[in-house]
Amino acid sequence: MTKKTRAAIVFLSLSILLSLSGCSPAAKQKDSDSSSYNKNAVTDSTDVPKTAHEIVPLKSDPAADSDIYDRYEYNLTKKELLKDIKQGYIFRLDTALKKHYAPFVTQGNWPFYVHEQNKISLEISFSNLLMKPKKNIFPMDEQVIVEIISPDGETVYCFEKTGNEITKDTSVKKKFSVTEGEWMLRISFGYCCGNIPACLKIAAAYENPTKDDMNWLKKERLAHKI
């Protein structure tokens with residue numbers, strides 16, 4: 001994971017509350033309000049920042065400054081991160097955001113090592129994602145892109161939805177055979193949120209993680225405290 005990507009996750013953690021079950025029906029009901037669904041709800045005139053790897057909140061959250069220390073990637077505590085790794089997760093992001101947020105990440109890289117031939121499970125799901133009402137909200141088109149890249153640099157799988165395609169609720173589950181070596185999970189996304197919580201889940205996990213796999217992830221992920 002690059003330094004700039006980590007900065008993006010920091011900004012995300014400062015701007016939103018990550019929900020570990022954010023896209024469940026119960027979470028949607030809890031987070032929804034009585035306002036009508038309005039695709040033009042995001043109306044702030046925030047300009048694009050100079051740093052491309054950044055999460056842009058269209059309105060600041062006064063509570064966002066609390067509890068920002070001792071956090072790791074995608075805003076997990078050390079205990080939560082280690083629990084994820086123990087369960088075989090390579091990466092797990094599960095968010096449910098409401099109006100005034102426009103999260104984006106460009107080419108976030110999360111490496112993982114395969115010590116023995118294995119399989120990787122990948123889950124991608126999203127709902128209620130909106131198009132941006134202004135071009136300068138974030139510096140690319142609306143998108144959800146997830147790639148799995150082999151040790152040879154070959155893209156063995158690419159999920160890509162761009163533009164208006166992101167407004168169609170989507171759920172995909174895949175499994176891939178992986179051989180020994182250092183692989184890469186590469187993620188890009190950008191979208192706006194409305195009155196109904198915009199849910200995005202991206203999760204990748206080893207089917208049968210070895211002790212060496214988990215130790216490698218611990219060393220790699222814990223080196224990047226936000």
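What you are looking at is a predicted structure, and each value in this text was computed from that prediction instead of being measured.

Take the pattern of salt bridges next. Overall, the coordinates contain three salt bridges when judged by the stated rule. Linking Lys 201 and Glu 123 is a salt bridge whose minimum nitrogen-to-oxygen distance equals 3.5 Å. In this pair, Lys 201 sits in strand β10 (residues 198–206) while Glu 123 sits in strand β5 (residues 118–127), placing the two residues 78 residues apart along the sequence. For Lys 201, a relative accessible area of 19% gives the class buried.

Further remarks concern the nonpolar core. The biggest cluster of nonpolar side chains holds 40 residues, and the ones touching the most others in it are Phe 112, Leu 122, Val 144, Leu 185, Phe 189 and Tyr 191. The element best represented in this core is β10, accounting for five residues. Ignoring sequence-local partners within four residues, the contact set of Phe 112 consists of Ile 90, Ile 120, Gly 181, Glu 182, Trp 183, Met 184, Leu 185, Tyr 206, Trp 216 and Leu 217.

Let's shift gears to the packing of aromatic side chains. Across all of its chains, the model carries eight aromatic pairs by this definition. Taking 5.9 Å as the distance between ring centres and 40° as the angle between the ring planes, the aromatic pair formed by Tyr 113 and Trp 216 counts as tilted. Here the residue Tyr 113 occupies a position in strand β4 (residues 104–114), and Trp 216 occupies one in helix α4 (residues 211–222), the gap between them amounting to 103 residues. Classification of Trp 216 by relative accessible area gives partly exposed; the value is 23%. Each ring, one from Phe 126 and one from Phe 159, has its centre 6.3 Å from the other, and the planes form 70°; the classification is edge-to-face. One end of the pair, Phe 126, is in strand β5; the other, Phe 159, is in strand β7 (residues 155–162), and 33 residues separate them in sequence. For Phe 126, a relative accessible area of 3% gives the class buried.

Moving residue by residue along a regular strand, the side chains alternate between the two faces of the sheet. Of all 10 residues in strand β9 (residues 181–190), seven are buried; the element is thus mostly enclosed. Two elements, β4 and β9, share nine bridges in a ladder whose sense is antiparallel. Bridge pairing in β9 links Pro 111 to Met 184. When strand β6 (residues 143–149) meets β9, the two strands line up antiparallel, connected through seven bridges. If you follow Gln 143 over to β9, its bridge partner there is Gly 190.

The next subject is the sheet that holds β9. Pairing within the open sheet is antiparallel, and its four strands lie in the order β4-β9-β6-β7. Each of the sheet's edge strands pairs with one partner strand only, and the pair in question is β4 and β7. Across the sheet, the mean angle from the axis of one strand to that of its neighbour is 10°, orientation sign disregarded. In the sheet, β6 pairs with β7 via seven bridges, with the strands oriented antiparallel. Along β7, the bridge assignment pairs Val 144 with Lys 161.

Low-confidence regions, as indicated by low pLDDT, have predicted coordinates that should not be scrutinised in detail. Counting all residues, the mean pLDDT for the protein is 76, and 67% of those residues have values of 70 or more. This model gives residues 6–68 a pLDDT under 50, and the stretch forms 127 contacts once residues within four places in sequence are excluded.

This part is about α4. Given 3.6 residues to a turn, an α-helix orients residues that are three or four positions apart in the same direction. Compared with an ideal rise of 1.5 Å per residue, which puts 12 residues at 16 Å, α4 spans 16 Å between its outermost C-alpha atoms and is within 8% of the ideal. Summarising the contacts, the buried residues of α4 are in contact with α3 (78–86), β2 (89–97), β4, β5 and β10.

One pass over the structure, following the stated rule, counts zero disulfides. Residue Cys 192 stays outside any disulfide, its sulfur separated by 6.9 Å from that of Cys 193, the closest cysteine. For Cys 192, a relative accessible area of 1% puts it in the buried group.

Our focus in this paragraph is the pairing of β10. Where burial is concerned, most of β10 is hidden: nine out of the nine residues are buried. Pairing of β2 with β10 involves eight bridges; the strand directions are antiparallel. Directly across from Leu 93, in β10, lies its bridge partner Ile 202.

Conventions adopted
Residues numbered from 1 in each chain as written. Predicted model: local features only at pLDDT ≥ 70, side-chain atom pairs only at ≥ 80, totals over all residues. Heavy atoms only, no water. Salt bridge = Lys/Arg side-chain N within 4 Å of Asp/Glu carboxyl O. Helix = DSSP H or I, 4+ residues; strand = E, 2+ residues; numbered from the N terminus. Buried < 20%, exposed > 50% of the residue type's maximum accessible area, 1.4 Å probe, protein only. Core = buried A, V, L, I, M, F, W, Y, C linked by side-chain atoms within 4.5 Å. Contact = heavy atoms within 4.5 Å. Phe/Tyr/Trp six-rings, centres within 6.5 Å; stacked < 30°, edge-to-face > 60°. Pairing = 2+ DSSP bridges. Axes fitted to C-alpha atoms, helices over the stretch in contact; angles between N-to-C directions. pLDDT = per-residue confidence, 0-100. Expected span 1.5 Å × (residues − 1). Disulfide = S-S within 2.5 Å.

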